[in-house]
Amino acid sequence: MAVIYTDHVAAMPIHPKVYEAMVPYFKEFYGNPSSIHEDGEKAREALEEARGRVGRLIGAQAEDIIFTSCGTESNNLALKGIALAHQAKGKEIIISGIEHFSIMHCANALEKSGFHITRLPVDQYGMVDPAVVERAITPQTILVSIMHSNPEVGTIEPIAEIGIITRAKKVLFHTDAVDSVGNIPVDVNELNVDLLSLAGSTFYGPKGAGALYLRKGVKIQPLLDGGIQERGLRAGTENVPAIVGMGVAAELALEEIPKRMSYLKGLAGRLTEQLPKRIPYIRFLGHPTQRLPGNVSVAVEYIEGEAMLLFMDMEGVRISSGSACISRSLKVSHVMLAMGVDAATAQGSLLFSFGMQNKPEDADRILEVLPPIVERLRNMSPVYRKAMAKKA
Amino acid sequence: MYTQTVMDHFKNPRNVGVIEGADGVGEVGNPVCGDMMTFYIKVKDNVIEDVKFQTFGCGAAIAVSSMVSEMALGKTIEEAFQITNKKVAEALEGLPKQKMHCSNLGADALHKAIEDYKMKKEGKAYKPTPKKCYCPFCDVENPNEAAFCTGCGKGLQDEHEHGH
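Residues numbered from 1 in each chain as written. Chains lettered and ligands numbered in written order. Predicted model: local features only at pLDDT ≥ 70, side-chain atom pairs only at ≥ 80, totals over all residues. Heavy atoms only, no water.

What follows is about the overall build of chain A. When helices and strands are tallied, chain A shows 13 helices and twelve strands. Here the C-alpha atoms of chain A give a radius of gyration of 22 Å, agreeing with the 21 Å that 2.2 N^0.38 yields for 392 residues. Referenced to the eigenvectors of the C-alpha coordinate spread, the extents of chain A come out at roughly 75 × 50 × 35 Å. By residue count, 59% of the 392 residues in chain A fall in the buried class. For chain A, the computed accessible surface area is about 16100 Å², with 55% contributed by carbon and sulfur atoms. Charged side chains in chain A number 41 positive and 44 negative. The centres of these two groups are separated by 5 Å. (Helix = DSSP H or I, 4+ residues; strand = E, 2+ residues; numbered from the N terminus. Rg over C-alpha atoms; globule rule 2.2 N^0.38 Å. Buried < 20%, exposed > 50% of the residue type's maximum accessible area, 1.4 Å probe, protein only. Areas by Shrake-Rupley, 256 points an atom, 1.4 Å probe, with all protein chains shown as cover. Lys, Arg positive; Asp, Glu negative; His and termini not counted. Charge placed at Lys NZ, Arg CZ, Asp CG, Glu CD.)

What follows is the structure, given as structure tokens:
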């Protein structure tokens, strides 16, 4: 049975050129970039070449890129690193209510250590209002962190506008751009950000490599103490193969972003247009236009997400959901609750994220297999039964 | 994540449906928490001669309801009341730890249906058995108003708020 993988926000295959570029760094060029001999030098060169490539993808200078192991590490470094380095100036940090766990839980930890965290509300589409950010900034604020795009609902935030405000108020601004970089245009100067998180695994690079952009002159305290890798800001022998892979993925992305955007928009559009025609009582989540191109986020009323996911999996379709049953914490997606989606509706959430390996027929196959699954589950749902009785 | 038995009951649930004019109806949970089950029973000569259920919930919830219905069919009221979440989980060959509370729901819904039947039969004088509270993480039974599980220390606020 053919597999249709539409869970690219969770993980994706690496580009064939990325794989080819990585292999020599496992087998022949395995030196430690910090070694002075020739094998070390070769590894060092590869690292610096990757740094330049990642920089170019986001309009940054190579020397302002710090390599990390993943997006979560970059986010932790940004929040904790800035908090600890600037706490003498103030102890207030502003984030949005829809951030990724690696920002949310990081902020919670800082709160326990005595920092004050302001969590900004979002509108029904998950959008942060720049005016709300402006009002929230106080003389004690040392950092604002708002994600560039949210993978659960697809919404792209007005980062450039928020950046103008933080610049004016002289407050450092970080954005978690993990789901944006390599998929839509991201430029640190256009966005007016001082810090930016990204990860190779979201743009057809390998897992295990990420980066934090840190604008020149911004003080930060490292998370990992040890050797002096990454100018003393991130100790630890670098994952050279993964970083090389991320560099190649970045170079490919720079070239391919327009093509990726239009192709994925087409696939997502087919699903978005047809789903309501085949399934009643369904609603789309996130902003209708300001959204990640391949992302389709829906809530199917009266039934639960994991059950739909399991049946879809049996049909070979891989997707995700924001329902409570899916999350290990048994809590409904905080993103949806922040958007005002009622918890019962959020339980029926389904997330389709298309990638470049998907074909137009994949959208058609989804449209074929999902409606009978929904009907079957609704026919055994007491919630559906009650809702239909009310409507009668 | 799920055993073969759980997947079998999920894919081929037994006794799905509604009984109009049932002798007892038991409903637990609500869609806000992500699990809701309604059990219907028909009782003759103290034996559950028919049982049907409807469920809003995940794979575990559907499998549990199906298994509970299968275990209850043809049993006496007393035997059916002895069906516990542990026995259901065992019959399913195990559930992931975070899904254990689904097994509580299934047994609860059946017991509620039985109590409803008893109340209808014996009139308002019948006193329902006090509900037990099980930790969804480690399955230890706790006093009903416990804020933290005595077995593993996890918070139980969410469990109590669910009203089951």
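Picking up after the structure, the text goes on.
What follows is about the overall build of chain B. The secondary structure content of chain B amounts to six helices and five strands. Across the 164 residues in chain B, those meeting the buried criterion constitute 51%. Across chain B, the fraction of contacts at a sequence separation of at least 24, relative to all contacts at a separation of at least 6, is 57%. Here chain B displays about 7400 Å² of accessible surface, and carbon together with sulfur accounts for 52% of that area. (Contact = heavy atoms within 4.5 Å.)

A word on the interface of chain A and chain B. Contact residues are listed per partner, giving 26 residues for chain A and 31 residues for chain B. Summing the contributions of chain A and of chain B, the shared interface buries around 2200 Å²; its carbon and sulfur component is 65%. Applying the counting criterion to the chain A and chain B interface returns three salt bridges. Its salt-bridge partner being R385 of chain A, residue E20 of chain B comes within 3.5 Å of it at the nearest N-O pair. The tally of links from chain A across to chain B stands at eleven residue pairs in polar contact (both at pLDDT 80 or more). When residues of the side of chain A that touches chain B are traced back to their parent elements, those giving at least two are α9 (305-314), α11 (343-346), α12 (360-379) and α13 (382-391) of chain A. The dominant element in the side of chain A that touches chain B, judged by the number of residues it contributes, is α9 of chain A, at five residues. Its residues placed into classes, the side of chain A that touches chain B shows 16 nonpolar, three polar and seven charged. (Buried area = accessible area lost by both parts, 1.4 Å probe. Salt bridge = Lys/Arg side-chain N within 4 Å of Asp/Glu carboxyl O. Polar contact = N/O pair within 3.5 Å; in protein donor to acceptor, adjacent residues only side chain to side chain. Nonpolar A, V, L, I, M, F, W, Y, C, P; charged D, E, K, R; others polar.)

Once that is clear, we can look at helix α7 (residues 159-168) of chain A. Residues and elements named next belong to chain A. Where α7 is concerned, the buried positions are I159, I162, G163, I165 and T166. Looking straight down α7, one finds its buried side chains confined to an arc of 160 degrees; they lie on one side. Turned more than 90 degrees off the buried face of α7, the exposed positions are I164 and A168. If you follow the buried residues of α7, they end up packed against α6 (130-136), β5 (141-145) and β6 (172-176). Directly beyond the C-terminal end of α7, a positive phi value near 55 degrees is found at K170. (Arc of directions from axis to C-beta.)

A word on the confidence of the model for chain B. With 75% of its residues at a pLDDT of 70 or more, chain B has an overall mean of 84. Two summary scores accompany this predicted model of the complex, namely pTM at 0.90 and ipTM at 0.88. (pLDDT = per-residue confidence, 0-100.)

This part takes up the environment of P96 of chain B. Within the fold, P96 of chain B resides in the loop between α4 (85-91) and α5 (100-122). Ignoring anything within four residues of it in the chain, the contact list for P96 of chain B reads M1 and Y2 of chain B.

Glancing now at the packing of aromatic side chains. Under the criterion given, the structure shown has five aromatic pairs over all chains. Residues Y25 of chain A and F29 of chain A carry aromatic rings whose centres are separated by 5.6 Å and whose planes lie at 45 degrees to one another, so their mutual orientation is tilted. Judged by relative accessible area, which is 25%, F29 of chain A ranks as partly exposed. Ring geometry for Y302 of chain A versus Y384 of chain A: centroids 5.8 Å apart, planes at 55 degrees, classification tilted. Of this pair, Y302 of chain A sits in the loop between β10 (295-300) and α9 while Y384 of chain A sits in helix α13; the two residues are 82 residues apart in sequence, bridging distant segments of the chain. Among the aromatic residues, those joined into a cluster by ring pairs are Y281, Y302 and Y384 of chain A. K91 of chain A extends its terminal NZ or CZ atom over the ring of F115 of chain A, reaching a point 4.8 Å from the ring centre. Here the guanidinium or amino end of K118 of chain B rests over the ring plane of F81 of chain B, the centre of that ring lying 5.1 Å away. (Phe/Tyr/Trp six-rings, centres within 6.5 Å; stacked < 30°, edge-to-face > 60°. Lys NZ or Arg CZ within 6 Å of the ring centre and 35° of its normal.)

Further remarks concern the pairing of strand β7 (residues 195-199) of chain A. All names here are of chain A. Here β7 lies mainly inside the structure; five of its five residues are buried. The two faces of β7 match: L195, S197 and A199 on one face and L196 and L198 on the other face are all buried. By the bridge criterion, three bridges tie β6 to β7 in an arrangement that is parallel. Counted as the bridge partner of D176 is S197 from β7. Pairing of β7 with strand β8 (residues 210-214) involves five bridges; the strand directions are antiparallel. Residue L195 lies in a different strand from β8, and its bridge partner there is L214. (Pairing = 2+ DSSP bridges.)

Let us now look at α12 of chain A. Over its 20 residues, α12 of chain A runs 30 Å from end to end, which matches the ideal 28 Å to within 8%, given 1.5 Å per residue. Buried within α12 of chain A we find D362, A363, I366, L367, V369, L370, P371, I373, V374, L377 and R378 of chain A. (Expected span 1.5 Å × (residues − 1).)

So, on to the packing of helix α4 (residues 71-86) of chain A against helix α5 (residues 101-112) of chain A. Residue and element names in this part refer to chain A. For the pair α4 and α5, interaxial distance at closest approach is 9 Å and the crossing angle is 30 degrees. With respect to α5, the axis of α4 lies roughly parallel. Considering how the two elements wind past one another, α4 and α5 form a crossing that is right-handed. Only S102, I103, C106, A107 and L110 of α5 make contact with α4, whose side of the interface consists of T72, N75, N76, L79, K80 and A83. When the residues that make up the contact of α4 with α5 are grouped by side-chain class, the tally is six nonpolar, four polar and one charged. (Axes fitted to C-alpha atoms, helices over the stretch in contact; angles between N-to-C directions. Parallel < 35°, antiparallel > 145°, perpendicular 65-115°, else oblique. Left-handed = near helix turned anticlockwise from the far one by under 90°.)

Looking now at the nonpolar core. Counting 68 residues, the largest nonpolar core has M312, F352 and F354 of chain A together with I41 and L110 of chain B as its most contacted members. Those residues in contact with F354 of chain A that lie beyond four places of it in its chain are T6, H8, L264, L267, A268, L271, G294, V296, A363 and I366 of chain A. I98, M147, V181 and V188 of chain A belong to the second largest nonpolar core, which has 61 residues in total. (Core = buried A, V, L, I, M, F, W, Y, C linked by side-chain atoms within 4.5 Å.)

Turning to unusual backbone geometry, a few remarks are in order. Unlike most non-glycine residues, R231 of chain A shows phi in positive territory, near 55 degrees. Assessed through its relative accessible area of 53%, R231 of chain A is described here as exposed. One non-glycine residue, D45 of chain B, adopts positive backbone phi at about 50 degrees. Inspection of the secondary structure puts D45 of chain B in the loop between β2 (35-44) and β3 (47-56).

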